[in-house]
There are 8 protein chains.
Amino acid sequence: MSNSLKQLLEQIKNGELSIESGLDHLKTLPFEDLGYAKIDHHRKLRNGFPEVIYCEGKTIEQVQGIARSMIDAECNILGTRASREIYEGILQVTPHVTYYEAARCIVINPEKRMTCQEHYIAVVTAGTSDIPVAEEAAVTAETFGNRVERIYDVGVAGIHRLFAKLDLIRGAWVVIVIAGMEGALASVVGGLVDRPVLAVPTSVGYGASFNGLAALLTMLNSCASGVSVVNIDNGFGAAYSASLMNRE
Amino acid sequence: MSNSLKQLLEQIKNGELSIESGLDHLKTLPFEDLGYAKIDHHRKLRNGFPEVIYCEGKTIEQVQGIARSMIDAECNILGTRASREIYEGILQVTPHVTYYEAARCIVINPEKRMTCQEHYIAVVTAGTSDIPVAEEAAVTAETFGNRVERIYDVGVAGIHRLFAKLDLIRGAWVVIVIAGMEGALASVVGGLVDRPVLAVPTSVGYGASFNGLAALLTMLNSCASGVSVVNIDNGFGAAYSASLMNRE
Amino acid sequence: MSNSLKQLLEQIKNGELSIESGLDHLKTLPFEDLGYAKIDHHRKLRNGFPEVIYCEGKTIEQVQGIARSMIDAECNILGTRASREIYEGILQVTPHVTYYEAARCIVINPEKRMTCQEHYIAVVTAGTSDIPVAEEAAVTAETFGNRVERIYDVGVAGIHRLFAKLDLIRGAWVVIVIAGMEGALASVVGGLVDRPVLAVPTSVGYGASFNGLAALLTMLNSCASGVSVVNIDNGFGAAYSASLMNRE
Amino acid sequence: MSNSLKQLLEQIKNGELSIESGLDHLKTLPFEDLGYAKIDHHRKLRNGFPEVIYCEGKTIEQVQGIARSMIDAECNILGTRASREIYEGILQVTPHVTYYEAARCIVINPEKRMTCQEHYIAVVTAGTSDIPVAEEAAVTAETFGNRVERIYDVGVAGIHRLFAKLDLIRGAWVVIVIAGMEGALASVVGGLVDRPVLAVPTSVGYGASFNGLAALLTMLNSCASGVSVVNIDNGFGAAYSASLMNRE
Amino acid sequence: MSNSLKQLLEQIKNGELSIESGLDHLKTLPFEDLGYAKIDHHRKLRNGFPEVIYCEGKTIEQVQGIARSMIDAECNILGTRASREIYEGILQVTPHVTYYEAARCIVINPEKRMTCQEHYIAVVTAGTSDIPVAEEAAVTAETFGNRVERIYDVGVAGIHRLFAKLDLIRGAWVVIVIAGMEGALASVVGGLVDRPVLAVPTSVGYGASFNGLAALLTMLNSCASGVSVVNIDNGFGAAYSASLMNRE
Amino acid sequence: MSNSLKQLLEQIKNGELSIESGLDHLKTLPFEDLGYAKIDHHRKLRNGFPEVIYCEGKTIEQVQGIARSMIDAECNILGTRASREIYEGILQVTPHVTYYEAARCIVINPEKRMTCQEHYIAVVTAGTSDIPVAEEAAVTAETFGNRVERIYDVGVAGIHRLFAKLDLIRGAWVVIVIAGMEGALASVVGGLVDRPVLAVPTSVGYGASFNGLAALLTMLNSCASGVSVVNIDNGFGAAYSASLMNRE
Amino acid sequence: MSNSLKQLLEQIKNGELSIESGLDHLKTLPFEDLGYAKIDHHRKLRNGFPEVIYCEGKTIEQVQGIARSMIDAECNILGTRASREIYEGILQVTPHVTYYEAARCIVINPEKRMTCQEHYIAVVTAGTSDIPVAEEAAVTAETFGNRVERIYDVGVAGIHRLFAKLDLIRGAWVVIVIAGMEGALASVVGGLVDRPVLAVPTSVGYGASFNGLAALLTMLNSCASGVSVVNIDNGFGAAYSASLMNRE
Amino acid sequence: MSNSLKQLLEQIKNGELSIESGLDHLKTLPFEDLGYAKIDHHRKLRNGFPEVIYCEGKTIEQVQGIARSMIDAECNILGTRASREIYEGILQVTPHVTYYEAARCIVINPEKRMTCQEHYIAVVTAGTSDIPVAEEAAVTAETFGNRVERIYDVGVAGIHRLFAKLDLIRGAWVVIVIAGMEGALASVVGGLVDRPVLAVPTSVGYGASFNGLAALLTMLNSCASGVSVVNIDNGFGAAYSASLMNRE
């Protein structure tokens, strides 16, 4: 940002830019204003990641409008927490869209995605019921250009299942551990690998799981070092952080 | 209890007991009333266990009084949550008393204790800081006549430590798992043994452990079957339940 | 497990097994991998219990797939939290299935169950509304080969109802107490019996019961010794623990 | 209040009182303003009860000032949550003061108290550690002119102790039940008596008792009818309500 | 109970009753066992109140069965938390039933109710939305033979509305205050009357009212003395306690 | 109020008003009693604001009745939390009604509203999903006669969007900041403006947002001074306070 | 800020400022960096308020250092949550300092404070124990140049005390209501005044007040409009907001 | 681990190792057992990090024992949550120890530490009171061989302070953000950088900060992507994770 600021000041000094225009530039980093949403086309330039639309709580019309604006910018786009209705709404905007039902994700312009990472991200779940959150993480990570290895249903109640997959988990550059109920898998994996572990509590469970609170507290208090935590059911957030860690 | 009721009714029928005395007996199972505490000498008869004094929140005088009443009944007695001051107060009542500092327990008439169980109870802790709760459990179980095996500091952050002790844990008739922080050890042990597991969350930890709440929730939500839970830091309670399970 | 390990090493020494195969065996305790679920056929061998499928949060297709894999192994199988739809899905896989509607349980190959225990498990509820959880516990315990006595609607508001059933409760080897609202029944029963009590809080109640939290806290803080607690509404978990205690 | 209002309007009509004075009277029910506290001498007139000073959080000087103002009004006075320092401070103001250490209460002009009630209030505790709260209740009720029967240490873990005292409890006009830990005693007593039960949760307990929260929730969810609840450790409040109920 | 016990012992002494029958009587206070519910016909004898059925969580068949059993006993009966379906189910059992829709209450044999109390119970609400809980309280109190005065929508946001009704409130023997949101009305009324106040928090509100928790805490911490609290939305419980207080 | 009181006393003195009438006036500030609701026509006189009906939890008939009573008083009226059904019910009472769907508000007699304020209120949201709460605030503020500037979707994740609108925000007399999820926008805005900030947490979010609790706590703990908070989703409340601040 | 930006750009255009210096200015709004604290001398210029030091959690040396830096800037300074030790530490830096013990505040250069507001702020407390928080609010407001009226101990338990002071409260431009326990005073005052009410919950209380949580929830759910809330015990924050509202 | 397993099996095949010894090796990864603690000398080999002793809750003797065992292994060692007493205890074991008082850390053999990383870790705090947690993070990261840049007291209440340091923050490979109170800094930084952000809530604050809970929830709900969270006050944990991310 400093460079463009310098150019701006030089333009003012040189008279190429009026003071009033300079003021406007200084105050307004470029983004497009749709009224109900402000879209930041510069994020992709800054961090090389695709645009993301969090679809929950938005109308189909709002998502269509945001998508239309982004598509002009010729990037690939990830929509999370997307119902099938949202997907069908996007289909009216562009045919270049794929729906990942288990992940509740849509990807626009999926062919523009490149997977060129040498390292891979392991996505590990404790149970079968954690798979939707895991798929949100996996699809996000793949859309962000990462290789992903899925290792599902290896919870600590039958720990031999975990050990059978240990080499694959240990080989990852970043490990995402997804677990509901008591969430103990994050601590066990954290004690077995020497790479960063991102823990995602899920709302899977009942009674005193309090919709994921139990797993969340477990993971925050992990006795294993190297574990950090994202919000309950936030597969996207874990994958986003993992993608940042997986870049050189 | 039915039998003695029957005898009582027979005595009334036979005129050996007046109706008024019968009424008294029916309403009053025998216990001794110290005013501030009602002592139940029959519990030992009923379940073969020693008397227990929960010392916290009682004055030294109260504990002395309760102990005096119990000593007359010639049983061995366990005092939990006992400070050194309580111990010294009991010493004034009887010399036959031992203080277990780590466990904060006193045992009166310790020589009367018999350890004749074939089976043993494993007391397992995740960390070094859980040892005081573990010692409360171990001393309680021993005072109640059980053989105890202590396996300390085998938390899941270094799970090979647990596996090195697995045979000893699997050999137990009942396993008490004691853990603070995230409490994941209970689930892992629960998945590895085929005997009842009593889980004791401890208040060891900080921040979002909320004084043991995190470990408590973890243990209640254990994905491994066969795990039941007692109150935070309640080593005594776990040992009491384990003693009931360890009898034939 | 040690024995089979020893055999394995002997086979390697004798050249009956290649080192590579040995490595695989060491890392992979045998289980079958369906992708979305890892099935552990050895659990039954290890602890003599039937397989269990927790149906909630799984699709009918997933439950069918798991059941199919298990049926090949010729064991009897318990499905908990099973809707009628799940039951009908299983009927398409095998006719040897029974649905317990109140318990929301299915049992596959129920004829293979043997009830040979001398001891029995008492399942006690405070109210009528606690019966679904109690039935989950009772059906589970029976499927695991235990004799069960049901004692329902004996809450402390009319404590004479409890005393009328006291002999039956006291005769049990393990007592499961199931109560919502304030959950006081666990403490009262705990004070009256000399056997382990497993307390199950239920989400029955309203307002400050907070979906079972009140009963859960009550039971964890029981002033009666010998009470341990499982998760809210977790009839299955209590029965599993009770089954472990009920074996000699 | 209506009567004095009527008199006031009549005085205005008759010219005995100026409109300005009338305005003042209408807005200002008589109380004395010490700056840091507003003392209401009319409360005693209104409800026949002594004045009460809640001492916690007040300086000795403030309590002395309030007491001095009240003593002039020649009533007997109850001070709750009073440390020994407060007591000694009051002694400097008047010799007519008694300190109840267990109850942490002071009573000024105790000789002015009359106990003329036919009915009595039963104060029942689950354990020995609940006695301080019980004594606050008992001393309050006695200072308010009630006969009190104390029944201590009859918690549900040994329910025969409760039954031995049942006649005394059932004979009361109002029953105050005081219990910490799981607080189950309130439900059991509520189911056995046909009079109003005031339940006082205490902060006695540890771990998941959360300083009385467990007992509070238990009592609010009591399955027995006729139980209402006051704040944790609020022996005074229960006794105040009971005194209102004990009047004819 | 003592008297009947004495008679029983006398009968045994006189040989009018066998020891075995005596044992049975001693253990079994009379109640009728429907399997899923134990009905206590003696409660009415003991406390003069009608039977009560808590309908929530019971099937229509269960409520019908309970009602049938009670009707034989010729008492009037109150059903709370009763849907219109429950009402229609009861209509198939007896035509002598009235449905109070706002209160969600049914009364069987309503003509058997006598209102002969000199004192009355005031039922006061803060807002219009609290009326369903208030009606549950009012109908309960009336069915239990009390005169009731309803004073609705007098919350503290417009405190003049409360003062306009103050004489009616002050004239009551017991006051039930029902309020959601912040529940401040209980404290204000508690400060204005000299009779017991039963406070009922309601789940009316949103956001940080947390389904009645805010009002519950407000009422438990009331700075006015003489206020005791029942569970959230528990209009029945408040009326039951008030009825006990309203008897001489 | 003092003035009318004075007149009243003068009338009594002059014999223009009987003492009994005076008593009535003194106790009854004028309001109209619909039975289920007490309507205060004087509020508008007192504070110059329109009447408000909180529609949630009221039947259409109740809202119609309240509206009818208010319309006679010829003021403009705001209905909040109003469904379309409520709107259509009001249409049957008067045609002079507008429905703001996004805000879930109805305004009766909207033409009577005057916007004459020099100052304006800024309504700022973090995201698109916060708009319904923002519209409730904006419509309320406008109905109360304020000029409103809407600045939506300027959350801190892309803080340049906020800075682009900073002049508009800083120019406001009062700023309402509306945010869900972590609610950080309130602190950032609070640090950038020198006018009062009213923060409204919204229930937008998932998992550990706990339906707005996270944003609520964030805002209460704001490190920026000048921020005060209203209930979760309470756009109306923020606008009401802001309107009070926006008057001279 | 726009103006100085414009000047800066003009200086660059005119060559009065180098581009490098311009860059520095643009990035660095002027503040002084002490290492452990960054001091913003421009805040006073921006909003006309004195500097504030939050002393809790800072060492005496740190507070001295911050004060020294500020004193050079010749403003008056408020220190909150200041112990007597902090005061004595400041005395070593400057003699121009006053300590308000009840408020735990220090004011440096108090003579520089001007009270020139026509309007006043009312600071109202429910009880005597709330006075320390009230004094923090009052001293803050006075140091910020406001006239303050203190109205203490007028809680709703004796509501006539409040009415006696109502004219003084209603005359205020802003009302700060400070209450612990159940915090009902905020709702009552909110219903009686037509000016903004800032509610401060205090940690005064015990048991289910949960250190101010009960009062906090009460105030957030206030049924009276015009009430906004600050953090528990945050007298300073309320006074800061009130000062912003009290300016024209 | 696979390699050594292979060697082990080869040794068994070759007869170099007996089956019994093989069994032992398979079950026991090498660690040293001090009884109260199990020390894992292989961790350093595995991940290249120094040993860590969490000192809280351990006696000086225990820490000395653990340190002695580790020192023999000739690594550098970090002790966290170390009081000055612990430091002095370690001094008796070795003179090669440094105490970082603000961080409450001890480093044994500090000269063995190498800082050779090209990338650096930024440690950013919102306030001065967050510095102890920040220093724990910084000292940990440095001991683990990272270059660290400290940026303290740049909270969002004065956001220009943050922007002045933005280049330094943006240049980091990993950013640790440490904030108490409302914790908003994590979201703002998360929106400004394109590298992983580790957020550490601190217990700094009062009232509704609930000892760090408010900041924790804020950070978990961050609207900025790329933020993951560790336990309250867990500076060590954040630095450990950051160190894993900072390695190539």
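The following paragraphs examine the structure supplied in this document.

About the criteria used
Residues numbered from 1 in each chain as written. Chains lettered and ligands numbered in written order. Predicted model: local features only at pLDDT ≥ 70, side-chain atom pairs only at ≥ 80, totals over all residues. Heavy atoms only, no water. Contact = heavy atoms within 4.5 Å. Buried area = accessible area lost by both parts, 1.4 Å probe. Salt bridge = Lys/Arg side-chain N within 4 Å of Asp/Glu carboxyl O. Polar contact = N/O pair within 3.5 Å; in protein donor to acceptor, adjacent residues only side chain to side chain. Helix = DSSP H or I, 4+ residues; strand = E, 2+ residues; numbered from the N terminus. Phe/Tyr/Trp six-rings, centres within 6.5 Å; stacked < 30°, edge-to-face > 60°. Buried < 20%, exposed > 50% of the residue type's maximum accessible area, 1.4 Å probe, protein only. Lys NZ or Arg CZ within 6 Å of the ring centre and 35° of its normal.

1. With respect to the interface of chain A and chain H
Facing 29 residues of chain A, the contacting portion of chain H comprises 29 residues. Regarding the contact of chain A and chain H, the summed buried area is about 2500 Å², with carbon and sulfur atoms giving 52% of it. Sorting the residues of chain A by area buried against chain H places A:Asp194, A:Leu220 and A:Leu244 first, and these three jointly supply 23% of that buried surface. Counting across the chain A and chain H interface gives zero salt bridges. Joining chain A to chain H, the criterion identifies eight residue pairs in polar contact (both at pLDDT 80 or more). At the level of elements, helix H3 (42–47), helix H8 (166–170), helix H10 (213–220), strand S11 (227–229) and helix H11 (235–245) of chain A are the ones that each hand at least two residues to the side of chain A that touches chain H. Counting residues per element, the side of chain A that touches chain H draws most heavily on H11(A), at five residues.

2. Overview of the interface of chain E and chain D
With 29 residues of chain E in contact, the opposing surface of chain D contributes 29 residues. Together, the buried faces of chain E and chain D total about 2500 Å²; carbon and sulfur atoms form 51% of this surface. Contact with chain D buries surface across chain E, with E:Asp194, E:Leu220 and E:Leu244 losing the most and accounting together for 23% of the total. Here chain E and chain D share zero salt bridges between them. Where the side of chain E that touches chain D is concerned, the elements lending two or more residues are helix H3 (42–47), helix H8 (166–170), helix H10 (213–220), strand S11 (227–229) and helix H11 (235–245) of chain E. Tallying contributions element by element places H11(E) first for the side of chain E that touches chain D, with five residues.

3. Points about the packing of aromatic side chains
Residues and elements named next belong to chain A. Per the counting criterion, the structure on display carries 38 aromatic pairs over all chains. When the ring of Tyr-87 is compared with that of Tyr-99, the centres are 5.1 Å apart and the planes differ by 15 degrees; the resulting orientation is stacked. Of the two residues, Tyr-87 is situated in helix H5 (residues 84–91) and Tyr-99 in strand S5 (residues 97–100); the sequence distance between them amounts to 12 residues. The two residues Tyr-87 and Tyr-99 agree in class, both being buried. A ring pair is formed by Phe-144 and Tyr-240, whose centres lie 5.5 Å apart and whose planes are at 70 degrees; its orientation type is edge-to-face. Here Tyr-240 lies in helix H11 and Phe-144 lies in the loop between helix H6 (131–143) and strand S8 (147–151), a separation of 96 residues in the sequence. Directly above the ring of Trp-173 sits Arg-195, whose terminal nitrogen or CZ lies 3.8 Å from the centroid.

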